[in-house]
Amino acid sequence: MGAPAGARVVVLDGGMTQNGLSRSELGLPLNWQAGKAGAGVGSADYTSYQKTFTGKGERPLSPVHLSATRALDDSIAISWIRRTRTGGDSWEGAEVPLGEALESYMVEIRQGGVLKRSLSASSGSVSYTAAMQLEDFGGPASSFDVWVCQLSEVYGRGVPAVAHFEA
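Presented here is an overview of the structure given in this document. All values derive from a computational prediction rather than experimental measurement.

**Quick look at the overall build of the chain**
The helix and strand tally for the chain stands at 1 helix and 10 strands. In terms of C-alpha radius of gyration, the chain reaches 23 Å, well past the compact-globule figure of 15 Å for 167 residues. When its C-alpha atoms are laid out on the principal axes, the chain stretches across 70 × 35 × 35 Å. Across the 167 residues of the chain, 24% fall into the buried class.

Next comes the structure, spelled out in structure tokens:
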């Protein structure tokens, strides 16, 4: 890749590091200064700015491949595959590393944006029983949205995966 002559570029040579903030500093407005290598702080080559870091990089990613299958007893098996923020680049493992202290998910059943039921899961599947559907819809659910998000002890609720199902 190239840039036109005279273009300003930043060369990333592996010298970049994370900012080293402690957990207690997340959410606080912090004052930062950045400048040209070798330039003195306060020189025209430096700029000052305020930045509040939220820890968003620790937020769990949304699961993928949501599916729902109705069984003969009218229960609906809802399943998904987790993703990871850490160590998931290998093609050799059957599944990606968890990346969290515990495997935990929140599953929400919604219709027309209205929350009908929240379920918890400790693996990549959950059962939406016929009894639950009777309570939520008055009978077997025929159309609903499923929201699945991984939970993190450090960050909280991750990015939801959302799918619509006609069961």
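**Some details on the packing of aromatic side chains**
For any pair of aromatic rings, the description rests on two quantities: the centre-to-centre distance and the angle between the ring planes. This model, assessed by the stated rule, comprises 4 aromatic pairs. Judged by centre distance (5.5 Å) and plane angle (70 degrees), the ring pair of Trp32 and Phe53 falls under edge-to-face. With a gap of 21 residues between them, Trp32 in strand E1 (residues 29-35) and Phe53 in the loop between strand E2 (46-52) and strand E3 (64-70) connect regions that are remote in the sequence. By relative accessible area, which is 24% here, Phe53 ends up partly exposed. With centroids separated by 5.2 Å and ring planes inclined at 65 degrees, the aromatic side chains of Trp80 and Tyr105 adopt a geometry described as edge-to-face. Of this pair, Trp80 sits in strand E4 (residues 76-81) while Tyr105 sits in strand E5 (residues 105-111), placing them 25 residues apart in sequence. Neither residue differs from the other here; Trp80 and Tyr105 are each classed as buried. We note Arg110 situated over the ring of Trp147; from NZ or CZ to the ring centre the distance is 4.2 Å.

**Points about helix H1 (residues 130-137)**
Among all positions in H1, only Met132, Gln133 and Asp136 are buried. Each buried residue of H1 sits inside an arc of 95 degrees when the element is viewed along its axis, so together they form one side. Turned more than 90 degrees away from the buried face of H1 sit Ala131, Leu134 and Glu135, all of them exposed. A positive phi of about 80 degrees marks Gly138, the residue just after H1.

**A few points about the pairing of strand E6 (residues 114-121)**
By the bridge criterion, 7 bridges tie E5 to E6 in an arrangement that is antiparallel. Within the sheet, the bridge partner assigned to Tyr105 lies in E6 and is Ala121. Connecting E5 to the next strand, E6, in antiparallel fashion are 2 residues, including Gly112 with a positive phi near 60 degrees.

About the criteria used
Going along each chain's sequence as written, the residues are numbered from 1 onward. Local features in a predicted model are, by the rule used here, given only for residues with pLDDT of at least 70; side-chain atom pairs are given and counted only at 80 or more, and totals for whole chains, interfaces and linings are based on all residues. By convention in this description, side-chain values take in all heavy atoms of the structure and omit both hydrogens and water. Secondary structure elements follow DSSP: runs of H or I no shorter than four residues count as helices, runs of E no shorter than two count as strands, and numbering proceeds from the N terminus. As defined in this context, the radius of gyration uses C-alpha atoms, and a globule is described by 2.2 Å times the residue total to the power 0.38. Here the term buried applies to any residue with accessible area under 20% of the maximum for its type, exposed to any over 50%, and partly exposed to those in between, with areas from a 1.4 Å probe on protein chains only. The criterion for an aromatic pair is that two Phe, Tyr or Trp rings (for Trp, the six-membered ring) have centres within 6.5 Å, with stacked assigned to planes under 30 degrees apart, edge-to-face to planes over 60 apart and tilted to the rest. Two conditions define a charge sitting above a ring: the NZ of Lys or the CZ of Arg must be within 6 Å of the ring centre, and it must be within 35 degrees of the ring normal. What the arc covers is the set of directions going from the helix axis to the C-beta atoms. By definition, two strands form a pair when at least two bridges between them are found by DSSP.

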